[in-house]
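Chain and residue survey
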Amino acid sequence: MTLNIPSEYAHVLDEAVASGAFASTDEAIRHALSLLAAEHHIVDGEPPTEDDEQWAARFEAWAESHTPSKHFVDCSRDSIYDGRDK
């Protein structure tokens, strides 16, 4: 397969490989495509079989199936990144 990638995207791929995040441009493209597939809920090449409302209801049911914390949880940005260089 041959891809014609616009220079603004080619630059992003080059930087991703140069940073060590990916071993090759092919790997970076595969990763980007997997993110795109996940964003569109494509599994094994198949589009979603449920609409947005059905997916949201399933997600909410999953979230509600977890036991809530009975104690205070500080999830503020300051507490999460406390002690890290900024």
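Just above, that's the structure.
Owing to the predicted nature of the structure, the values given are computational and were not obtained by experimental measurement.

What counts, and at which threshold
Residues numbered from 1 in each chain as written. Predicted model: local features only at pLDDT ≥ 70, side-chain atom pairs only at ≥ 80, totals over all residues. Heavy atoms only, no water. Phe/Tyr/Trp six-rings, centres within 6.5 Å; stacked < 30°, edge-to-face > 60°. Helix = DSSP H or I, 4+ residues; strand = E, 2+ residues; numbered from the N terminus. Buried < 20%, exposed > 50% of the residue type's maximum accessible area, 1.4 Å probe, protein only. Expected span 1.5 Å × (residues − 1). Core = buried A, V, L, I, M, F, W, Y, C linked by side-chain atoms within 4.5 Å. Contact = heavy atoms within 4.5 Å.

1. Looking at the packing of aromatic side chains
One pass over the full model with this rule turns up two aromatic pairs. A ring pair is formed by tryptophan 55 and phenylalanine 59, whose centres lie 5.5 Å apart and whose planes are at 10 degrees; its orientation type is stacked. Residue tryptophan 55 and its partner phenylalanine 59 are located together in helix α3 (residues 52-64), separated by four residues, close to a single helical turn. Ring geometry for phenylalanine 59 versus tryptophan 62: centroids 5.6 Å apart, planes at 40 degrees, classification tilted. With phenylalanine 59 and tryptophan 62 both in helix α3 and three residues apart, the pair spans about one turn of that helix. The class of phenylalanine 59 is partly exposed, set by a relative accessible area of 42%.

2. Quick look at helix α1 (residues 7-18)
Here α1 is 12 residues long and its end C-alpha atoms lie 16 Å apart, about the 16 Å a rise of 1.5 Å per residue gives. A positive backbone phi angle near 90 degrees is found at glycine 20, which sits one or two residues after α1.

3. What about the environment of methionine 1?
Position of methionine 1 among the secondary structure elements: in the segment before α1. With 52 residues separating them along the chain, methionine 1 and glutamate 53 place their C-alpha atoms 36 Å apart.

4. Observations regarding the nonpolar core
Core analysis: the biggest nonpolar cluster contains five residues, these being Leu13, Ala16, Phe22, Ala28 and Ile29. Residue assignment for this core shows that the elements contributing at least two residues are α1 and α2 (25-39). The contacts of leucine 13, once residues within four sequence positions are left out, are Ile5, Thr25, Ala28 and Ile29.

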